[in-house]
Amino acid sequence: MKSQMMTYDILYTIFSIACIMLYIIFDKKTKKIQPIDIIMIVILIVVSGIRCNVGSDYYVYYSAYNDWLSKLDSIGDVIQSNNQFGLYVLGFILKNITEFPYALFWLIACMIYPCMIIYMRKKTNNPSIGFMCYTLLGFFAISNNILKQTMAMLMMVYAYESLVKNKKIKFVLATLLATTFHTTAIVVAILMILARKIKPSYKNLLLCILIGVVGFLAYNVIGNIVSHISILERYQTYFINTTTYSSMIKETIGVVGYAIIYIAIVTLLISKKEQIKENDEEAYKRISLLMVGIAISIFSINNWTINRIALYLYQFVITIMPALFAVKYSPKEKRNYMFMILILLVSACLFLTIFAAENEYYSYQTYFNTEPMPY
């Protein structure tokens, strides 16, 4: 199993680096969609669309689309059957168009990757760097597993852009739409509003780390209190430190890794915050999203699933990191900074692919050579 994990890890990293190099070579500093954007969209869609048994949730979505949805008569039935009905509504509509068993995966891929690539092109002057973060920091791997949350994350990108432009109604509507895919979007909306009020600084970074640590400690204290109150005993499982379970050790290590990686990234960003602010003030303000995400990651060491909330905030690194690359450096400083960033991102990829992508199938297969099977 370990050799399989390492092989998958290395192959994913090589695939990412190859795509990044291709993107960098043909990327142009323009807001207009480029042929290389289309090429990368097609690559990501195809790789994602033809996959089979890649991701621990793969069979859940496959069986829901091919079995459960076939038993429902209307969209109303779909909505009533699940609070997070967004993905299944899409599946129900698609099911009435085609019987192709893997159509849902193709549809989601066709919705996610064009939006993300175009978003990076429109919001940065160097989308190839954003793409580098998207692949090496594990967002592409994640998008092949937790589909409902990935769709919610996409909606919350639009919600945040509405928040920035003070379009409150659009912000609320986008958030509500995101909750139909994953209810955590409501919490994320609140955190986004909070992040807009925090200035990026070393002091505030330390404050976010401290808040995360206090939350981590309070989490355990609350759990102990709950365990001694008979009427609340049934809620004790929500406060048990998951590191006590061997099956959760990998995910807990992954959460700690997330916190360390993004602390390093934010530290680099803050070191050049004035230059970033001068070139791209919005990218400067978005650094606070990563800081709030760090607090969430530290808090979620007790329960690794909570770290998924941080992913909503971390995803904005794809529009922040290009601003760091755009800063004017002396030749020596540029060499040192770029080296540190590249080493950090490649190391993060090697680590997160194993510990944090939640990808229990450590191999890449397609439906051309295998059949879907439960994990």
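In what follows, the structure referred to is the one given above.
These numbers come from a predicted model, not from an experiment.

Visitor: Break down the overall build of the protein for me, citing the residues and quoting the values.
Guide: Helix and strand content of the protein: 18 helices and two strands. Over its C-alpha atoms the protein spans a radius of gyration of 21 Å, differing by no more than 12% from the 21 Å that the globule rule assigns to 375 residues. Along the longest, intermediate and shortest principal axes, the C-alpha atoms of the protein span 65 × 60 × 50 Å. For the protein, buried positions account for 54% of its 375 residues. For the protein, the separation between the mean place of its 32 positive charges and that of its 20 negative charges on side chains is 11 Å.

Visitor: Run through the layout of surface pockets, naming residues and quoting values.
Guide: Summary: where empty space remains is shown by rolling a probe the size of a single water molecule over the atoms. Empty space within the largest pocket amounts to approximately 350 Å³. Lining the largest pocket are 17 residues; nearest its centre among them are Lys29, Asn126, Pro322, Phe325 and Ala326. For the lining of the largest pocket, the secondary structure elements donating two or more residues are helix H17 (317-325) and helix H18 (331-355). Of all the elements, H17 adds the most residues to the lining of the largest pocket, at four residues. Its residues assigned to classes, the lining of the largest pocket shows seven nonpolar, five polar and five charged. The calculated volume of the second largest pocket comes to roughly 260 Å³. Along its surface, the second largest pocket is lined by 15 residues, and Tyr8, Tyr12, Phe15, Val47 and Tyr364 are the ones closest to its centre. Contributions of two or more residues to the lining of the second largest pocket are made by helix H1 (2-26) and helix H8 (139-143). No other element matches H1, which puts six residues into the lining of the second largest pocket. Within the lining of the second largest pocket, the residues separate by chemical class into ten nonpolar, four polar and one charged.

Visitor: I'd like to hear about the packing of aromatic side chains, residue by residue, with values.
Guide: One pass over the structure, following the stated rule, counts 19 aromatic pairs. Taking the centre distance of 5.1 Å and the plane angle of 85° together, the rings of tryptophan 68 and tyrosine 88 count as edge-to-face. Highlighted residues: tryptophan 68 in helix H3 (residues 58-68) and tyrosine 88 in helix H5 (residues 86-95), separated in sequence by 20 residues. Judged by relative accessible area, tryptophan 68 falls into the partly exposed class, the value being 27%. Overall, tyrosine 88 belongs to the buried group, its relative accessible area being 8%.

Visitor: Can you tell me about the pattern of salt bridges, naming the residues and giving the values?
Guide: Following the criterion strictly, the structure yields ten salt bridges and no others. Here arginine 121 ties to aspartate 37 by a salt bridge, and the two come within 2.8 Å at their closest N and O atoms. In this pair, arginine 121 is assigned in helix H6 (residues 103-123) and aspartate 37 in helix H2 (residues 35-49), connecting sequence segments 84 residues apart. No difference in accessibility class separates arginine 121 from aspartate 37, as the two residues are buried. The salt bridge involving lysine 272 is made with glutamate 333; its shortest N-O contact spans 2.5 Å. A residue pair is termed long-range when its members are at least 10 positions apart, and lysine 272 in the loop between helix H13 (249-271) and helix H14 (273-279) and glutamate 333 in helix H18 qualify at 61 residues.

Visitor: Now, about empty space enclosed by the protein: what can you tell me, with residues and values included?
Guide: Scanning all chains against the criterion turns up two cavities of 30 Å³ or more. Taken as a whole, the largest cavity holds about 100 Å³ of empty space. What lines the largest cavity is simply Ile112, Met116, Tyr134, Phe139, Ile142, Ser143, Thr150, Met153, Leu154 and Gln315. Those elements that provide at least two residues to the lining of the largest cavity are H6, H8 and helix H9 (147-164). Residue composition of the lining of the largest cavity, by class: seven nonpolar, three polar and no charged.

Visitor: Which residues make up the packing of H13 against helix H16 (residues 307-314), and what values do they have?
Guide: The geometry of H13 relative to H16 is characterised by a closest axis approach of 11 Å and an angle of 25° between their N-to-C directions. Considering their axes alone, H13 and H16 lie roughly parallel with respect to each other. Here the hand of the crossing between H13 and H16 comes out left-handed. Side by side, H13 and H16 meet where Val255, Tyr258 and Tyr262 of the first sit next to Asn307, Leu311 and Tyr314 of the second.

Visitor: Break down H17 for me, citing the residues and quoting the values.
Guide: Counting buried positions along H17 yields nine of nine residues, so the element is predominantly enclosed. All buried positions along H17 are accounted for by Val317, Ile318, Thr319, Ile320, Met321, Pro322, Ala323, Leu324 and Phe325.

Visitor: Describe the packing of H1 against H2, listing the residues and the values that go with them.
Guide: In the contact formed by H1 and H2, the axes pass within 9 Å of each other and the chain directions differ by 165°. Judged on the interaxial angle alone, H2 and H1 are roughly antiparallel. Of the two possible hands of crossing, H1 and H2 adopt the one that is right-handed. Note on element contacts: H2 touches H1 through Ile36, Asp37, Ile39, Met40, Ile43 and Val47, opposite Phe15, Cys19, Leu22, Tyr23 and Phe26. Tallied by class, residues from the contact of H1 with H2 come to ten nonpolar, no polar and one charged.

How each quantity is defined
- Residues numbered from 1 in each chain as written.
- Predicted model: local features only at pLDDT ≥ 70, side-chain atom pairs only at ≥ 80, totals over all residues.
- Heavy atoms only, no water.
- Helix = DSSP H or I, 4+ residues; strand = E, 2+ residues; numbered from the N terminus.
- Rg over C-alpha atoms; globule rule 2.2 N^0.38 Å.
- Buried < 20%, exposed > 50% of the residue type's maximum accessible area, 1.4 Å probe, protein only.
- Lys, Arg positive; Asp, Glu negative; His and termini not counted.
- Charge placed at Lys NZ, Arg CZ, Asp CG, Glu CD.
- 1 Å grid on protein atoms, 1.4 Å probe; cavity = no way out; pocket = protein on both sides within 12 Å on 5 of 7 lines; lining within 4 Å.
- Points joined across faces, edges and corners; volume = space filled by probe spheres on them.
- Nonpolar A, V, L, I, M, F, W, Y, C, P; charged D, E, K, R; others polar.
- Phe/Tyr/Trp six-rings, centres within 6.5 Å; stacked < 30°, edge-to-face > 60°.
- Salt bridge = Lys/Arg side-chain N within 4 Å of Asp/Glu carboxyl O.
- Axes fitted to C-alpha atoms, helices over the stretch in contact; angles between N-to-C directions.
- Parallel < 35°, antiparallel > 145°, perpendicular 65-115°, else oblique.
- Left-handed = near helix turned anticlockwise from the far one by under 90°.
- Contact = heavy atoms within 4.5 Å.

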